[in-house]
Amino acid sequence: MADSKLRDLSTDFAVKVIKICDSIKGHYSLVNQLERSSTSIGANIHEANYAHSKADFVAKFQIAL
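In this text, all values refer to a predicted model and were calculated from it rather than measured experimentally. (Residues numbered from 1 in each chain as written. Predicted model: local features only at pLDDT ≥ 70, side-chain atom pairs only at ≥ 80, totals over all residues. Heavy atoms only, no water.)

**Side note on helix 2 (residues 28-48)**
- Between its first and last C-alpha, helix 2 extends 30 Å over 21 residues, near the 30 Å set by a 1.5 Å rise per residue.
- The largest bend in helix 2 amounts to roughly 25 degrees and is located at S40.
- On its buried side, helix 2 packs onto helix 1 (5-23) and helix 3 (54-64). (Helix = DSSP H or I, 4+ residues; strand = E, 2+ residues; numbered from the N terminus. Expected span 1.5 Å × (residues − 1). Bend = angle between axes of the 7 residues up to and from the residue. Contact = heavy atoms within 4.5 Å.)

Structure (structure tokens):
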């Protein structure tokens, strides 16, 4: 599958957020939520490529948004 600019941008964003979270001390639950939410963007974009219908495709991108 060809590389997509959107996928690259979401991966770069997730990596940057994880690096920032590594430098934050304390507030483990907030940092954990920030890491999970930043990485879920890319996961939803990836899942949109395997959508069963156009409506499912749009729904996955809405979640990523």
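**Considerations on the pattern of salt bridges**
- Taken as a whole, this structure holds one salt bridge when the rule is applied.
- Of the charged contacts, one joins E47 and K60 as a salt bridge, the two residues approaching to 3.4 Å between their closest N and O atoms. Here the residue E47 occupies a position in helix 2, and K60 occupies one in helix 3, the gap between them amounting to 13 residues. (Salt bridge = Lys/Arg side-chain N within 4 Å of Asp/Glu carboxyl O.)

**Looking at unusual backbone geometry**
- Positioned with a positive phi, H27 is a non-glycine residue whose angle comes to about 50 degrees.
- Mapped onto the secondary structure, H27 falls in the loop between helix 1 and helix 2.

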